[in-house]
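Chain by chain, the residues run as shown.
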Amino acid sequence: MNTHQAQDFPQILAHIEEQKRMLRNAQSQAGQRPARKIERIETIRRFNVTRMSGQRNLQSDLSISFIPSPYAPCAQPFCDLKKIMVDDLVLETHHRGTFLLVRVVTPQDRITAVMAIVEDERGEVLLLQLYHQVETTEDILVPGRVLIIRDPYLKLTADGKHGLRVDHVSDIVFLPVHEDRIPACWRSEVTNPQNQSAGFWKAKGNDCFGQSRYHAAIEYYTSALASSPTTEECHTIKLNRSLAFLKTNHFDAALADVDSMLSDSSAKSNEKALFRKAQALYSLQRYRECCEVLKTLRLKYPDNTAAKDKLNEAVNRLAEQTTGKYRFKKLHAEAAHLRPPQLDHATHIGPVGVRQSESRGRGLFTTKAVKAGDLLFCEKAFVYAFHEGEGMSSNSRLMMNLLIDVNANSFTTGAQPELITMLVQKLYQNPSLASIVKDLHRGSYSPVQGVFDIIDGKPVIDSFLLTRILLINSFGCRLSGKAGPLKQANGQPINVNNFNDLFPSLGIWTFASHINHSCTSNAFRSFIGDMMILRANQDLPANAEVTIQYLNPFNPERQQVFVKNWAFACDCVMCQDNEQTSDAVVAKRKRLGESLQSMLRLLTRRGSSSSGAGSIASLVRKSSALIAEMEGTYNKPAKEVPRLVVWKGYRDFACALTLGAGANPQKIVELSLRALRSLGFVIEGGSLGTNQGLVVREWGFIGDGLLDCWMCLKAAYVETRSYELALAAEGYAKVCYKILFGEDETFGELD
Ligand SMILES: C[S@@+](CC[C@H](N)C(=O)[O-])C[C@H]1O[C@@H](n2cnc3c(N)ncnc32)[C@H](O)[C@@H]1O
């Protein structure tokens, strides 16, 4: 997770201060009636002017959202709520145990929230702001639409006015037109909707479906089902509605519609119902059941070619799920072209399971012994928000999305607000998936009783609970490990300390969320599109706790970030050693590292010119002396505590010699082996001219540049015609590649 402290970014601090001032002002008016009432006509006019001018988004590329103070969603059934009117509302108050019935009177506008002016039955108007609504081509708030707001919350807005704010999607009930909760005076659309036939509503549903207005179609089909359809009509309407549900990602609801049809023996044909059932199961990643349904369908309707194709897909997914065998080149090709790169592949869980760890809550453990490079799991993201990087996105609104936590003085960047909305909607639309996510909640936030329960047919969703779950469990990710370091459009590498460069893609992988952190982790994660691949980076026995690095261990401030973001302090060997290392030693290592780097720059330059062999020898001597001095600053053996500064020195030294014309293979081999040993690798043999072979007995720390080191080693062996050694080095390079990039099918493409 990318959480940053606001004090480092003056432009954010200014927003936070302004927001705090507004909150104080709002609090001082809590419980009061809104001071100034603006005429209905003027309220609508002003809203429409702002909506049509579209000025807001042009001012900057920044889209800022604030995490508001949490409040609970309504968890009471409608029958227990008391009706109130707009005039009853007071500021900064949650009107618990009540509901407002309103009708939309303007077209919608959208910034972070979807907004429109609504009126109550007395014609009193108010601004309504709905949060966590996905952006689709279909408007949510259209004039004439009637809705119920449970436990309405009247809030002062940024410009000192007021409006209804709804953060929980389950606090809103959109009423289908036939509903008898819609007052007679608002039933103007059709003369008397309650007297209309099922066929009438079905036709309206079909019209909307034809125009890709699937949400509207669902409401009309719902009205049709409530208008006493014949059994045959009921089947057709459910079939149609199930397709609209599939189009809008309501897979649970689609399944319920077709299941109720399939359980009715009077249905004439169940070909379409079976197919839609299979589609819903596929989307819920229930591939085994999906295959069973499609096999039944194929038996009964052998000419159905769509079923044949879908069965092929489902069989492939089931094979991935059970065997963990993927065609990784195909995955890369899909990730390169699909936008967003959400791949249609299954999750495979390998030899790992979730158990209680000693002092870290739950953790992931091996269920059998594994080798370095073995696949532990390959998981498809539960939710995934893609951000292509600065200057590359066609959607500028996503370019600088900030989510500010005013209370914590911190902010998160990138696709975070979008990801929260995705999570909220996915669970609201598919309550069968709630338990997976609910299980990931930790920390002090206590949700209200009844969260995720089904009330009045829909689950109660607490968006603040889901935000907290997301803050702890989301991972930033690259499009692919092979993409190398993140680059800006101009080709410059991205500077993570630069405000403009902090916007990665984000996702939640629910199984991966159980992995605890260690800077000296024994597993490594990589990504291809929205698939996370986890491989062991060393040989592990059965029942070993699997760990990953939440942050780069080269980050000197990581310990503070662990405490702030995840409420733990890392006690790995490297962090313990850091604590015991004096500032003077840290400064000495830094100084030696800088001197070495300037020496290596000279070496690379001299090496590429034909003259200066003498000075090359002296540069090599001086560089070796600097590294030897660095080695002297460590007390513990490298096998116990990886020596990251020394490692970087050896590796860069070996690479400088490989790049320069004065390359000395003997020296490169020596430096590369030392580099690996400084990371804790236990290596037998490998020296030139000894006939000892090259064997890695124990894998060490895995980090950036390790692959280069193996490749330098291999090149030096080839140069000295030590082909056996070169083959062994290439084998280890390939394992290393597999660990770092998730697969080794593309190893041969390395230049
Ligand atoms: C993504 S979750 C990992 C799974 C978690 N342990 C569980 O019980 O579900 C992150 C949380 O795990 C705990 N954690 C992770 N690594 C840890 C470590 N090295 N030491 C202590 N706690 C750790 C912290 O509570 C952290 O907020």
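Preceding this paragraph is the structure being described.
As a starting point, this report considers the structure included with it. No experiment lies behind these values; they were computed from the predicted model shown.

Analysis parameters
- Per chain, residues are indexed from 1 in the order of the written sequence.
- Whole-chain, interface and lining totals are the exception, using all residues; otherwise, since this is a predicted model, local features are given only for residues with pLDDT of at least 70 and side-chain atom pairs are given and counted only at 80 or more.
- Excluding hydrogens and water, the side-chain figures rest on all heavy atoms present in the structure.
- Numbering of helices and strands runs from the N terminus, with a helix taken as a DSSP run of H or I at least four residues long and a strand as a DSSP run of E at least two residues long.
- Only heavy atoms enter the contact rule, under which two residues are in contact if any of them lie within 4.5 Å.
- Pairing between two strands is assigned when DSSP locates at least 2 bridges connecting them.
- Each axis is a line fitted through C-alpha atoms, taken for helices only over the stretch in contact, and angles between the N-to-C directions span 0 to 180 degrees.
- To be near a molecule or strand, a residue needs just one of its heavy atoms within 4 Å of it.
- Definition of a polar contact: a pair of N or O atoms within 3.5 Å, with one able to donate and the other able to accept a hydrogen when the atoms are protein atoms, and with sequence-neighbouring residues admitted only if both atoms are side-chain atoms.
- Using a 1.4 Å probe, the Shrake-Rupley method yields the accessible areas, and only the shown protein chains count as cover for residues.
- Under the scheme applied, nonpolar residues are Ala, Val, Leu, Ile, Met, Phe, Trp, Tyr, Cys and Pro; charged residues are Asp, Glu, Lys and Arg; polar residues are all the others, including Gly.
- A 1.4 Å probe rolled over the protein chains alone gives each residue an accessible area, and that area as a share of the maximum for its type sets the label: buried under 20%, exposed over 50%, partly exposed in between.
- The directions considered for the arc are those from the helix axis to the C-beta atoms.
- Put simply, a nonpolar core is a bunch of buried Ala, Val, Leu, Ile, Met, Phe, Trp, Tyr and Cys residues held in one set by side-chain atoms that sit within 4.5 Å of each other.
- Residue ranges labeled as domains rest on an automatic or database domain assignment.

**Examining the side chain of serine 672**
For step 1, the next point in the chain: Here serine 672 lies in helix H20 (residues 665–678).
For step 2, the next point in the chain: Not counting the four nearest positions on each side in its chain, serine 672 is found in contact with Ala654, Cys709, Cys712 and Leu713.

**Describing the sheet that holds strand S25 (residues 523–528)**
One key point about sheets: their strands pair by backbone hydrogen bonds, in either a parallel or an antiparallel sense.
For step 1, the next point in the chain: One open sheet holds the 4 strands; their spatial order is S13-S16-S26-S25, and the pairing between them is antiparallel. Each edge of the open sheet carries a strand with a single partner, namely strand S13 (348–349) and S25.
For step 2, the next point in the chain: By the bridge criterion, 5 bridges tie strand S16 (residues 375–380) to strand S26 (residues 531–536) in an arrangement that is antiparallel. When the sheet's bridge partners are listed, leucine 375 is paired in S26 with arginine 535.
For step 3, the next point in the chain: Strand contacts of helix H11 (residues 328–337): S25 and S26, with the helix running at about 55 degrees to S25, the strand carrying the most contacts.
For step 4, the next point in the chain: Packed onto the sheet, helix H22 (residues 723–741) meets S25 and S26 and runs at close to 65 degrees relative to S25.

**Quick look at the site of the ligand**
For step 1, the next point in the chain: Close to the ligand lie 13 residues; Arg360, Arg362, Arg442, Asn516 and Trp566 are nearest.
For step 2, the next point in the chain: A distance of 2.7 Å separates a nitrogen atom of the ligand from a polar side-chain atom of asparagine 516.
For step 3, the next point in the chain: At 2.6 Å from an oxygen atom of the ligand is found a main-chain nitrogen or oxygen belonging to tryptophan 566.
For step 4, the next point in the chain: Summarising the interface, the protein chains cover 89% of the accessible area of the ligand, which totals 570 Å² for the free molecule.
For step 5, the next point in the chain: Grouping the constituent residues of the shell around the ligand by class yields 4 nonpolar, 6 polar and 3 charged.

**A closer look at the environment of tyrosine 732**
For step 1, the next point in the chain: Within the element layout of this structure, tyrosine 732 appears in helix H22.
For step 2, the next point in the chain: With residues near it in sequence (within four places) discarded, tyrosine 732 still touches Leu694, Val695, Val696, Trp699 and Trp710.

**A closer look at helix H15 (residues 558–566)**
For step 1, the next point in the chain: Turning to H15, its buried residues number three or more, namely Arg558, Phe562, Asn565 and Trp566. The buried residues of H15 occupy one face: seen down the axis, they fall within an arc of 90 degrees.
For step 2, the next point in the chain: Backbone geometry just downstream of H15 places alanine 567 in the positive-phi region, at approximately 60 degrees.

**A few points about the nonpolar core**
For step 1, the next point in the chain: By size, the foremost hydrophobic cluster in this structure holds 90 residues, and its most contacted members are Phe681, Trp710 and Tyr717.
For step 2, the next point in the chain: By residue number, the principal contributor to this core is H22, which donates 10 residues.
For step 3, the next point in the chain: Shared between two domains, this core takes at least three residues from each, and those domains are domain 3 (333–578) and domain 4 (581–749).
For step 4, the next point in the chain: Every residue in contact with tyrosine 717, bar those within four places of it in the chain, is listed here: Val669, Leu673, Gly686, Leu688, Leu694, Ser722, Leu725, Ala726 and Ala729.
For step 5, the next point in the chain: The next biggest cluster of nonpolar side chains, apart from the first, holds 67 residues, and it includes Ala280, Ile420, Leu423 and Leu506.

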